Amino acid sequence: MAWVQSGAQLGELFYAIARLSTHLAFPARLCPMVGVGGHFGGGFGTLVRKYGLATDYVIDDYLMDSRSRIMNRKAIGEEVFCAIRGGGAGSFGIVLSLRWIAANQLIN
Ligand SMILES: Cc1cc2nc3c(=O)[nH]c(=O)nc-3n(C[C@H](O)[C@H](O)[C@H](O)COP(=O)(O)OP(=O)(O)OC[C@H]3O[C@@H](n4cnc5c(N)ncnc54)[C@H](O)[C@@H]3O)c2cc1C
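Described in the following lines is the structure provided in the data block.

Each value, and the rule that gives it
- Residues numbered from 1 in each chain as written.
- Predicted model: local features only at pLDDT ≥ 70, side-chain atom pairs only at ≥ 80, totals over all residues.
- Heavy atoms only, no water.
- Helix = DSSP H or I, 4+ residues; strand = E, 2+ residues; numbered from the N terminus.
- Buried < 20%, exposed > 50% of the residue type's maximum accessible area, 1.4 Å probe, protein only.
- Polar contact = N/O pair within 3.5 Å; in protein donor to acceptor, adjacent residues only side chain to side chain.
- Contact = heavy atoms within 4.5 Å.
- Arc of directions from axis to C-beta.
- Near = heavy atom within 4 Å.
- Nonpolar A, V, L, I, M, F, W, Y, C, P; charged D, E, K, R; others polar.

## Considerations on the side chain of D65
Within the secondary structure, D65 is located in the loop between β2 (58–64) and β3 (70–71). On the accessibility criterion, D65 (11% relative accessible area) is buried. Among the polar contacts made by the side chain of D65, one reaches the main-chain amide nitrogen of R67 at a distance of 2.9 Å. Here D65 is in contact with M71, F92 and G93, once residues within four sequence places are set aside.

See the structure below:
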């Protein structure tokens with residue numbers, strides 16, 4: 001498990017993973033300049049048939065709402081958390097960071 005800030009680009013995320021591990025995988029698009037904040041509202045890539053979407057591996061987040069409250073998954077509740085992962089977070093607040101689990105950690 002790891003946290004990534006929503007301003008990171010996919011290339012930065014993949015580079016960080018590769019530096020830490022030779023066997024953990026994260027399913028997302030290869031295009032390195034795509035942002036984590038938008039891409040994690042869905043996100044299909046070359047591993048989609050086996051592992052699904054990037055958003056399937058997001059397990060927690062920090063969201064700032066319109067009152068500047070910063071809330072994690074437990075605080076925002078499962079319905080909003082589900083909506084953020086499926087529909088994009090922009091309607092609900094600003095996602096500051098996301099916690100994810102590697103695909104092969106979840107499957108195995
Ligand atoms: C060259 C290229 C290739 C692509 N290939 C693929 C692909 O193979 N598979 C795929 O699934 N998608 C692909 N996409 C689409 C890409 O995943 C989406 O456009 C994604 O929304 C980009 O996110 P962003 O943060 O870079 O963009 P932004 O324009 O910054 O964000 C897009 C939307 O996401 C929301 N958002 C972004 N950051 C936050 C945040 N921190 N908090 C709340 N809401 C936020 C906002 O509603 C915003 O309108 C590709 C895009 C490009 C440009």
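## What to know about helix α1 (residues 10–20)
Among the residues making up α1, those that are buried are L10, L13 and I17. For α1, the angular spread of the buried residues around the axis is 65°, confining them to a single face. Residues of α1 that are exposed and point more than 90 degrees away from the buried face comprise Y15, A18 and R19.

## Re the site of the ligand
In the neighbourhood of the ligand, 15 residues make up the surrounding shell, with R29, G35, H39, F44 and V95 lying closest. G35 has a polar backbone atom sitting 2.7 Å from an oxygen atom of the ligand. V95 has a polar backbone atom sitting 2.8 Å from a nitrogen atom of the ligand. A total of three residues in the shell around the ligand trace back to one element, the largest contributor, which is helix α2 (residues 36–39). Residue composition of the shell around the ligand, grouped by class: six nonpolar, eight polar and one charged.

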